[in-house]
Amino acid sequence: MIRAARALPLLLLLPALLTACGTEKERSGPGPAASGSGRAAAGSTREPASAAPGQADMDERLRALGIAPELVYVTEVPGFTLAQQSIGVNGDDGFSVAYWAKDGAVLHLYAERGSAADCPEGHVCRAPEKGQVVRVYGEKVAADVLRRAADAIHRPAPEELVPLLPSPRTATAPVERGDLPTYGDGAPDNSVPGSS
């Protein structure tokens, strides 16, 4: 009985010790400089910049999201960070992204087909190419910051897009569901056992 009492505290600690094992984040290389480009998002687990895909691969990933590659533009404004989760489609095949600052200010960038002549009030518009318009709009953003953001609009290089876009889809086979019957219209069986 005394042996069992001595072993009990160790057995109670075992699950906690096992749970803590392997929770460290894996690092490659000697320090922070090994994480790749300075533009990569913090905590990114994407491939290093040396393995960045080419323009054709990035164009394919953009088209898969419904975005026309020629309508992808980004900007750089001191104090603002791109919000990766904001990247999406604008209109039919345009591009939209938002940037945030620690003080709560938000910059929105919208690129689409059109003309800068129809620029909405409160936006700063640029026409980088014929038939394209890029609009910059801000929440809690001064007019001079909006103009600076509009002046810094540029087409991103593939290595700039790698940390921004979701990983390419690797699974091509449909997901097998266990709740679809092999008879009838194939709808899931949602009945509760024992009910009428």
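Quick notes on the rules
- Residues numbered from 1 in each chain as written.
- Predicted model: local features only at pLDDT ≥ 70, side-chain atom pairs only at ≥ 80, totals over all residues.
- Heavy atoms only, no water.
- Core = buried A, V, L, I, M, F, W, Y, C linked by side-chain atoms within 4.5 Å.
- Buried < 20%, exposed > 50% of the residue type's maximum accessible area, 1.4 Å probe, protein only.
- Helix = DSSP H or I, 4+ residues; strand = E, 2+ residues; numbered from the N terminus.
- Contact = heavy atoms within 4.5 Å.
- Pairing = 2+ DSSP bridges.
- Axes fitted to C-alpha atoms, helices over the stretch in contact; angles between N-to-C directions.
- Polar contact = N/O pair within 3.5 Å; in protein donor to acceptor, adjacent residues only side chain to side chain.
- Disulfide = S-S within 2.5 Å.
- pLDDT = per-residue confidence, 0-100.
- Arc of directions from axis to C-beta.

Visitor: Got a minute to help me understand the nonpolar core in this structure?
Guide: A general trend in soluble globular proteins is that nonpolar side chains are found buried together. With 30 residues, the main nonpolar core has F80, F95, L107, V136, V141, I153 and L161 as its most contacted residues. Of all the secondary structure elements, the ones that give two or more residues to this core are α2 (55-64), β2 (94-100), β3 (106-113), β5 (132-139) and α3 (143-151). The element contributing the most residues to this core is α3, with four residues. With sequence-adjacent residues up to four places away left out, V136 is seen in contact with L107, H108, G122, H123, V124, L146, A149, A150 and I153.

Visitor: Looking at this structure, how should I read the pairing of β2?
Guide: Walk down a regular strand and you will see the side chains alternate between the two sheet faces. Across the seven residues of β2, six count as buried, placing the element largely inside the fold. Between strand β1 (residues 81-90) and β2, which pair antiparallel one after the other, the connecting turn spans three residues, and G91 there sits at a positive phi close to 70°. Pairing geometry for β2 and β3, over six bridges, is antiparallel. In the strand pairing of β3, V97 is matched with L109. Hairpin geometry of β2 and β3 is characterised by an intervening segment of five residues between the two adjacent antiparallel strands and by a positive phi of about 95° at G104.

Visitor: Honestly, the sheet that holds β5 in this entry has me stumped. Any pointers?
Guide: The strands making up a sheet associate through backbone hydrogen bonding, with each pair oriented either parallel or antiparallel. On the basis of which strands lie adjacent, the open sheet formed by five strands has the order β1-β2-β3-β5-β4 and antiparallel pairing. Where the open sheet ends on each side, the last strands, each with one partner, are β1 and β4 (124-126). Neighbour to neighbour, the strand axes of the sheet diverge by 20° on average, direction disregarded. Across six bridges, the pairing between β1 and β2 is antiparallel. Its bridge partner being in β2, A83 is matched across the sheet by A98. Packed onto the sheet, α3 meets β3, β4 and β5 and runs at close to 15° relative to β4.

Visitor: Where do I start with the environment of D93 in this structure?
Guide: Take D93: it is sitting in the loop between β1 and β2. For D93, a relative accessible area of 21% puts it in the partly exposed group. Remark: the alpha-carbon pair of D93 and R113, spanning 20 residues in sequence, is separated by 8.5 Å. Look past the residues within four positions of D93 in its chain and what remains in contact with it is G66, I67, A68, L71 and R113. Within the structure, the side chain of D93 is placed 2.8 Å from the side chain of R113, a separation counted as a polar contact.

Visitor: Quick question: what am I supposed to make of the state of the cysteines here?
Guide: Joining two cysteines, a disulfide is a covalent bond between their sulfur atoms. All chains considered together, the criterion is met by one disulfide. A sulfur-sulfur separation of 2.1 Å characterises the disulfide bridge that pairs C119 with C125. Between C119 and C125, the disulfide has an S-S torsion of 85° and is therefore right-handed. Residue classification places C119 among the partly exposed residues on the basis of a relative accessible area of 29%.

Visitor: Help me understand the confidence of the model for the chain, please; the structure alone is not making it clear to me.
Guide: For any part of a model where pLDDT is low, the fine detail of the predicted coordinates should not be relied upon. Per-chain confidence: the chain averages 75 in pLDDT, with 63% of residues scoring 70 or above. Within the model, the stretch residues 7-50 combines pLDDT values under 50 with 14 contacts to residues more than four positions away or in other chains.

Visitor: Sorry, what's going on with α3 here?
Guide: Think of an α-helix as 3.6 residues a turn; residues three or four steps apart then line up on the same face. Taken together, the buried positions of α3 are occupied by V145, L146, A149 and A150. Down the axis of α3, the buried set is contained in an arc of 140°. They therefore lie on one face. Those residues of α3 that are buried lie in contact with β3, β4 and β5.

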